[in-house]
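# Fold and contact review
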Amino acid sequence: EQYLTRRVLSMQESQTMRISNLANKMKAEGRDIVSLSAGEPDFPTPAHVNQAGIDAINAGFTRYTANSGIADLKKAIVEKFRRDNGLEFQENQIIVSNGGKQTLANTFLALCEEGDEVIVPAPYWVSFPEMVRLAGGIPVIIHTTLEEEYKMTPAQLDAAITPKTKIVVLNSPSNPTGAVYTEAEVRALMKVVEGRGIFVVSDEMYDMIVYGDVRPFSPARIPEMKEWVIVSNGVSKTYAMTGWRIGYLAGPKWLIDACDKIQSQTTSNPNAIAQKAAVAALTGDQGIVEERRAEFEKRRDYMYEALNSIPGFKTALPQGAFYIFPDISGLLGQTFDGVVMKDSADVAEYLLKVHHVATVPGDAFGAPENLRMSYAASIASLEEAINRIRRAFK
Ligand code: PLP
């Protein structure tokens, strides 16, 4: 181990994995576990998308493709940005990668000089700080509160900026909180960074999973920021295609070219078959996206009501994605079934071991007094989970 680099040693192991490994082990032992820990839709990939993959194999579309993705997929992505996000990009401003994850990793590798600061609002998606560290950057965390619906304010952003600030990360809708910044909020945040040589990495992975009349607003819509915003998205969540590994990035051509160079020397093109399937997903009937969004909204409503009626749980109303992130500080210091709840990891472990409900402790997301629950599960499973949670904290 002494031979490992500082870069790797500075990374943390994924906490999400520890509890899900334990949950899987208990399931394998035949225990009836209700899992609220999934980071992916419980729906299958749509049939016409699967068929496009099968057709690609049968047509022999099984070789290397252009490193940055096939032309018809880039065309479909340009069209998607126009249709869903009100964004105009050229095809040479797009790169397709192995999931949203690789688009983000490439971006941080391309932009972070050793010691550059990257502002990451917490609660954050677990991979942001670790990817920044791997690229040699320093994550600078801004802590947001339940009262502010887990959104950073322009004043907080301004206070976190130093001469070393290179990037601000925005993730709206957010994993894990479900927070969505309004257009006015995005504009106010962009006013803070505009003209200061700071890039904005906008992770819009959950843009199509939003509730009520909430609509996400991309900072790339602001003309003054166009050269400074990098948009990451993918087909994983919108089309239930997490295993296909297709993500895409849009931004200034010079940055896309740099990501292309990194990708060409590391992984090469994303999977050829999956690229064809992604074309079918983006250009085919979009009805299924709305159907599933509506189903997620019912579950969101149920979970919000149910959790807030359990003493010790306080949650903001998620506006998007498929997670709810209750504050459980009211449970800390208490004893249940003889177990003392010191932190959210204790709460998650107790829920799993004694009541067989799998959740993810908030530490991994930079919020040690919260639990992440995914409602990518049927209403029946959610009801069962809520009954068990209610019993656990009686
Ligand atoms: N960004 C966010 C906010 C996510 O939650 C995820 C997946 O969990 C990703 C990016 C990565 O998605 P992909 O599976 O396409 O790499």
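Residues numbered from 1 in each chain as written. Predicted model: local features only at pLDDT ≥ 70, side-chain atom pairs only at ≥ 80, totals over all residues.

## Some thoughts on the site of the ligand
Near the ligand there are 13 residues, and of these G99, G100, K101, N175 and S236 occur at the shortest range. The greatest single-element share of the shell around the ligand, amounting to 3 residues, is contributed by helix α5 (residues 99-111). Of the residues that constitute the shell around the ligand, the class distribution is 2 nonpolar, 9 polar and 2 charged. (Near = placed C-beta within 6 Å. Helix = DSSP H or I, 4+ residues; strand = E, 2+ residues; numbered from the N terminus. Nonpolar A, V, L, I, M, F, W, Y, C, P; charged D, E, K, R; others polar.)

## Observations regarding the packing of helix α11 (residues 287-308) against helix α13 (residues 379-392)
Between α11 and α13, the shortest axis-to-axis distance is 11 Å and the interhelical angle comes to 10°. If you check the angle between α11 and α13, you find them roughly parallel. Of the residues in α13, those touching α11 at R299, Y302, M303 and A306 are I379, L382 and I386. Here the contact of α11 with α13 is built from residues that sort into 6 nonpolar, no polar and 1 charged. (Axes fitted to C-alpha atoms, helices over the stretch in contact; angles between N-to-C directions. Parallel < 35°, antiparallel > 145°, perpendicular 65-115°, else oblique. Contact = placed C-beta atoms within 7 Å.)

## Thoughts on the sheet that holds strand β14 (residues 371-374)
The sheet built from 3 strands is open, its strands ordered β9-β14-β13 with antiparallel pairing. In the strand order of this sheet, the two ends are held by β9 (323-324) and β13 (360-361), each with one partner. Both β9 and β14 contribute to a ladder of 2 bridges, which runs antiparallel. Considered in β14, the bridge of I324 is made with M373. (Pairing = 2+ DSSP bridges.)

## Considerations on the environment of G247
Of note, G247 is situated in strand β8 (residues 247-250). Given 24 C-beta atoms within 10 Å, G247 falls into the buried group. Through-space distance from the C-alpha of G247 to that of P270 is 8.9 Å; in sequence the pair is 23 residues apart. For G247, the contacting residues outside a window of four places in its chain are S97, G99, G100, K101, Q102, T103, S232, N233, G234 and S236. (Buried ≥ 20, exposed ≤ 12 C-beta atoms within 10 Å, placed from the backbone.)

## Some words on the nonpolar core
Counting 112 residues, the largest nonpolar core has V169, V200, A278, A281 and Y375 as the members making the most contacts within it. Broken down by element, this core gets its largest block of residues, 7 residues, from helix α10 (residues 272-283). For this core, the domains that each give at least three residues are domain 1 (6-44 + 288-392) and domain 2 (60-283). (Core = buried A, V, L, I, M, F, W, Y, C linked by C-beta atoms within 7 Å. Domains from an automatic or database assignment.)

## Quick notes on the UniProt feature "domain: Aminotransferase class I/classII large" (unreviewed entry) in the chain
In the numbering adopted here, UniProt assigns the feature "domain: Aminotransferase class I/classII large" (unreviewed entry) to residues 32-389. What you have in residues 32-389 is 38% helix and 15% strand, and the ends, taken at the C-alpha atoms, are 15 Å apart. (UniProt positions renumbered as here; feature names shortened; annotations may be inferred.)

## What about the domain arrangement of the chain?
Interfaces are often described in size by the accessible area the parts lose on coming together. Annotation of the chain at the domain level lists domain 1 (6-44 + 288-392) and domain 2 (60-283). Taken together, the contact between domain 1 and domain 2 spans 33 residues of the former and 31 residues of the latter. Looking at the side of domain 1 that touches domain 2, the elements with two or more residues in it are α11 and β9. If you tally residues by element for the side of domain 1 that touches domain 2, the top one is α11, at 5 residues. Taken together, the residues of the side of domain 1 that touches domain 2 sort by class into 16 nonpolar, 9 polar and 8 charged.

## A word on the environment of G251
The topology assignment puts G251 in the loop between β8 and α9 (253-266). With 48 residues separating them along the chain, G251 and R299 place their C-alpha atoms 34 Å apart. Non-local contacts of G251, meaning those with residues more than four positions away in its chain, are made with Q93, V229, I230, V231 and I256.

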